[in-house]
Each structure stands twice: as C-alpha cells, then as structure tokens.
Amino acid sequence: MSESVRGDCRQRVAEHQRPALLRAENLTKVYRSGPEQVVVFEGLNLEVFAGEFVALVGESGSGKTTLLHLLAALDTPTEGEVYFDLQRVGAFSSRERALYRNAKLGFVWQMHYLLPEFTALENVMLPQLIAGRDFRCAQTRARRLLEEVGLAPAAGRRAGELSGGEQQRVALARALSNQPAVLLADEPTGNLDHKTAARMTDLLEHLHRTHGLTSVLATHNLELARRADRTLRLADGRLTETVIPSHDTMTP
Ligand SMILES: Nc1ncnc2c1ncn2[C@@H]1O[C@H](COP(=O)(O)OP(=O)(O)OP(=O)(O)O)[C@@H](O)[C@H]1O
Ligand SMILES: [Mg+2]
C-alpha cells in the first residue's frame, strides 16, 4: 500500500471517529508593510487529527512558518479561523491564548530560543514553572525528558555552551515539558549535519509515538517528511497532499 493511500485511510477512519484536533478554516494571511502587501495564502484549509504526524513541505517563502505561527496563535490571520479541539483560537482572551501555548502546544523552532545563560535543565523546567508546577516535580520531569533525548549528562551545562544538535534536543525536551497535545516544529533538523539530522528525525518520530502527540512539522528534509503519516505541500498559497519519491533527500 502506498504512503498516500495509507494516510488517506487513516484520515478517513479518524474523521468518522472524531473531529480534527487542529483545524484551519479559510485561512488568509496578507502581510502589509507600507504600500506593499504580500499575500502568503488565501482560503487555506487544514485538518489535523489527534495522533497524526503531518509534515509540511514547500519552497522557501511558501508560507510554512506563517502557517505554524497562525496555528500557534503567535500571529493572527487576515481572514479565517484556527480551531483547537473545536474551540475558536481567535476568540481566546490573551490569558487563554497564553494558556493554549503553554499547556497545549510544544514548539521546536529552527532557532531554538533557549536561554543561553541557563542550564539545559533550567530551560526544560521553565515552561513547567510558568504553568505553576511544583519546583521538585518540574525538576524531576525535566531530568527524565533530558534523559529521553539522550542528554542526561548535559543537564547542568549552560545551554549556550552546547552544540547545535544538543541545543535542538534540549529544545525538544522543553517542548514536551508540559505534556502538550500538539507538537509544532519548524525546520527541526534545519541547522544540523546529515548524521545529527537523522538522529533528530528518529527522536522526533519516537517521541511522537511514545508521548501520544499530534505533530505538525515544517521541513525541507524529505527523510523526515517520509516518516510522516501525511505530507502536505504548500505551493502558490495552496495546500495539497503529496508523496515524497524515495530517491529525494532534500526539497526546495
Ligand atoms: N513579518 C513579515 N512581514 C512581511 N512579509 C513576511 C513576514 N513574514 C513572512 N513574510 C513573507 O511571507 C512569505 C512566507 O514566509 P514564510 O516565512 O512563512 O515562508 P517559509 O515557507 O517558512 O519559508 P522557509 O522555507 O524559507 O522557512 C514570504 O514571502 C515572506 O517574505
Ligand atoms: Mg520557514
């Protein structure tokens, strides 16, 4: 059975069972700077079902990061709506929006935004402390997560002193610190050499399964995209399902 057919079947079963966990409806994003305007996409629709691993591919500038930002409520759409678990994200108060990001979502961005002066352990503890978790519990969970990403020995080292690949793994542990429902990742293997990227790919897939995540990953790395249940290509403001040929390793 081909990748796409398998993906379709899984989606169809899921559709019968429950509504999408994450949904974008008629999403339009236009950036304006002075008289200039950039229409990134218009009337875009997306449904991601609980437990799915979805890869988002497309040329540089096609709008992958923009879409992830809208799903994460880090930016507001020009038109259209994002729904999380049937709730309209656009209707959230600023407090609800912060709660959505802190409690329901985990992020891994290409620039990982770790606090360089803080240790790896402190970086993974921080979102939990913001969420009000007890210090000792946060510490225990952070240690366990660092162990899961293979970085237990680096727990006490400053994030700024770690290698790029190690920092990405700390960012991944941090993303999982509040047991999110959804993992959003933007180029999680972007700055890594081939071998480290392959290790990160394995780790992302493993954590997706073991943590019961719903994952949406924007990537140029086709090896990572190939692991997904579904791959969506963003091109000319439209999102279409795609199958990655087995010989390709990089997408434009
Ligand atoms: N803040 C902004 N103001 C104006 N234009 C923007 C802004 N952010 C992004 N854009 C434009 O929107 C388009 C989509 O950008 P986006 O960063 O979403 O692309 P991408 O698919 O993530 O690209 P890449 O693969 O290079 O990361 C681009 O044309 C970009 O120049
Ligand atoms: Mg991007």
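Further up the page is the structure itself.
These lines cover the structure that appears in this document, whether it is placed above or below. None of these values were measured; they are calculated from a predicted model.

Geometrically, a packed helix pair is captured by the angle between its two axes and the distance between the axes. Relative orientation of the contacting elements helix 6 (residues 164–175) and helix 7 (residues 194–210) amounts to 10°, with a least axis distance of 11 Å. Considering their axes alone, helix 6 and helix 7 lie roughly parallel with respect to each other. Counted together, Gly165, Gln168, Arg169 and Leu172 of helix 6 and Thr196, Met200, Leu203, Leu204 and Leu207 of helix 7 form the full contact between these two elements. Within the contact of helix 6 with helix 7, the residues separate by chemical class into five nonpolar, three polar and one charged.

What follows deals with the sheet that holds strand 6 (residues 105–108). Reading across from one edge, 6-7-8-3-9-10 is the order of the six strands in this open sheet, with mixed pairing throughout. Two strands bound the open sheet, and with one partner strand each, they are strand 6 and strand 10 (238–242). Each strand axis lies, on average, 20° off the axis of its neighbour in the sheet, ignoring direction. As paired elements, strand 3 (residues 53–57) and strand 8 (residues 214–218) share four bridges and run parallel to each other. Looking at the pairing, Phe53 lines up with Ser215 of strand 8.

What follows concerns helix 6. Over its twelve residues, helix 6 runs 16 Å from end to end, which matches the ideal 16 Å to within 8%, given 1.5 Å per residue. Counting buried positions along helix 6 gives ten out of twelve residues, so the element sits mostly inside the fold. Listing the buried residues of helix 6 in full gives Gly165, Gln167, Gln168, Arg169, Val170, Ala171, Leu172, Ala173, Arg174 and Ala175. Residues of helix 6 that are buried sit in contact with strand 6, helix 4 (120–130), helix 5 (135–148), strand 7 (182–186) and helix 7.

Time to look at the pattern of salt bridges. Taken as a whole and judged by the stated rule, the model has ten salt bridges. Across the pair Glu52 and Arg230 runs a salt bridge, and its minimum N-O distance is 2.8 Å. With Glu52 in the loop between strand 2 (36–48) and strand 3 and Arg230 in strand 9 (residues 230–235), this residue pair connects regions lying 178 residues apart in the sequence. Accessibility expressed as a relative area gives 5% for Arg230, which makes it buried. In this structure, Arg230 and Glu241 form a salt bridge, with 3.2 Å as the shortest nitrogen-oxygen distance. Of this pair, Arg230 sits in strand 9 while Glu241 is found in strand 10, placing the two residues eleven residues apart along the sequence. Connected through salt bridges with shared partners, the residues Asp202, Glu205, Arg209 and Arg227 form a single ionic network.

On to the site of ligand 1. Around ligand 1, the surrounding shell holds 13 residues, and the nearest of these are Ser60, Gly61, Lys64, Thr65 and Thr66. A distance of 2.9 Å separates an oxygen atom of ligand 1 from a polar atom in the backbone of Gly63. Residue Lys64 places a side-chain N or O atom 2.6 Å away from an oxygen atom belonging to ligand 1. Relative to its free-state accessible area of 630 Å², ligand 1 is covered by the protein chains to the extent of 60%. For the shell around ligand 1, the secondary structure elements donating two or more residues are strand 2 and helix 2 (64–71). A per-element tally of the shell around ligand 1 places helix 2 first, with three residues. Among the residues forming the shell around ligand 1, the class breakdown is three nonpolar, seven polar and three charged.

What counts, and where the lines are drawn
Residues numbered from 1 in each chain as written. Chains lettered and ligands numbered in written order. Predicted model: local features only at pLDDT ≥ 70, side-chain atom pairs only at ≥ 80, totals over all residues. Heavy atoms only, no water. Axes fitted to C-alpha atoms, helices over the stretch in contact; angles between N-to-C directions. Helix = DSSP H or I, 4+ residues; strand = E, 2+ residues; numbered from the N terminus. Parallel < 35°, antiparallel > 145°, perpendicular 65-115°, else oblique. Contact = heavy atoms within 4.5 Å. Nonpolar A, V, L, I, M, F, W, Y, C, P; charged D, E, K, R; others polar. Pairing = 2+ DSSP bridges. Expected span 1.5 Å × (residues − 1). Buried < 20%, exposed > 50% of the residue type's maximum accessible area, 1.4 Å probe, protein only. Salt bridge = Lys/Arg side-chain N within 4 Å of Asp/Glu carboxyl O. Near = heavy atom within 4 Å. Polar contact = N/O pair within 3.5 Å; in protein donor to acceptor, adjacent residues only side chain to side chain. Areas by Shrake-Rupley, 256 points an atom, 1.4 Å probe, with all protein chains shown as cover.

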